[in-house]
Amino acid sequence: RSRAITASPLDEIPGIGPARKRALLAEVLEDLSPMEPALHREPVVVFCRYQPDLQAVADTCHQQGLRYAELSGQRKELAAWQAGDADIIGVQLQAGGLGVDMTRARYCIYYSNSYSLGDYLQTRARVHRPGQTRPVTYVHLLAQGTVDEIILKALEERQDVVEAVIDALRRK
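Residue numbering note: each chain is counted from 1, following its sequence as written. In view of the model being predicted, local features appear only for residues whose pLDDT reaches at least 70, and side-chain atom pairs are presented and counted only at 80 or more, with totals across whole chains, interfaces and linings using the full set of residues. Side-chain calculation: all heavy atoms of the structure are included, whereas hydrogens and water are not.

Caption draft 1: Seen up close, a nonpolar patch on the surface. There is a patch of nonpolar side chains on the surface, built from Val-161, Val-165 and Leu-169 and spanning about 280 Å² of accessible area. Helix numbers and strand numbers start at the N terminus; a helix is a DSSP run of H or I with at least 4 residues, a strand a run of E with at least 2. Tracing the backbone through its elements, the reader meets Val-161 in helix H6 (residues 147–171). Given a relative accessible area of 51%, Val-161 falls into the exposed group. Exposure above 30% relative accessible area and no salt bridge define the residues that can form patches, which grow by joining like charges within 9 Å and nonpolar side chains of Val, Leu, Ile, Met, Phe, Trp and Tyr within 5 Å. Here, Shrake-Rupley sampling with a 1.4 Å probe gives the accessible areas, and only protein chains in the shown set may cover a residue. The salt bridge criterion pairs a side-chain nitrogen of Lys or Arg with a carboxyl oxygen of Asp or Glu, the two atoms within 4 Å. Only protein chains enter the accessibility calculation, which uses a 1.4 Å probe. A residue is then buried if its area is under 20% of the maximum for its type, exposed if over 50%, and partly exposed in between.

Here's what the structure looks like:
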């Protein structure tokens with residue numbers, strides 16, 4: 001609940017919070033845009049934990065004239081994105097789990113995340129599959145001094161623990 005509150009528009013403080021995060025997303029998407037409008041845009045997946053975050057992504061895409069699709073509890077537009085009818089797909093973490101193929105993506109952006117290492121690894125598995133030949137670039141949008149930094153650090157620590165356990169089991 002506290003994560004939903006801190007990610008909400010209630011804390012629109014200049015330079016931090018959701019407004020800064022939307023600005024960061026806009027900068028990243030602009031950097032990914034081809035110089036010539038006629039050139040093919042590389043497909044992007046943006047993972048979000050909460051519905052207001054998905055709305056922020058949709059608003060940012062519309063402001064930049066980008067075609068947006070969504071995969072969430074409210075919208076199921078994966079097929080349109082896979083067919084190339086959208087440049088960006090916003091995906092709610094829980095909706096982008098098992099059985100979803102997002103290997104069309106060239107870029108994967110984490111707008112907001114959860115403490116669940118399983119959810120995080122599942123999202124990465126949806127974007128990068130065994131045998132895939134195209135590289136995928138991962139971007140985490142983090143504002144300094146926010147809960148997002150704490151969550152990413154926790155995920156990294158959990159991954160380290162998992163790897164240490166697996167290494168110990170292999171040595172036996």
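Continuing now.
Caption draft 2: Structural context of the pairing of strand E3 (residues 88–92). Extensive coverage of E3 is indicated by the burial of five of its five residues. Two elements, strand E2 (residues 68–71) and E3, share four bridges in a ladder whose sense is parallel. Of the residues in E3, the one forming a bridge with Leu-71 is Val-91. Strand pairing is assigned whenever DSSP detects at least two bridges linking the two strands.

Caption draft 3: Examining the confidence of the model for the chain more closely. This prediction gives the chain a mean pLDDT of 80; 84% of its residues lie at or above 70. Within the chain, the element-level pLDDT minimum falls on helix H1 (residues 2–6), averaging 45, and the maximum on E2, averaging 96. Taken together, the stretch residues 1–15 has pLDDT below 50 and engages in 24 contacts with residues farther than four places along the chain or on a different chain. What pLDDT expresses is the predictor's confidence in each residue, scored from 0 to 100. Only heavy atoms enter the contact rule, under which two residues are in contact if any of them lie within 4.5 Å.

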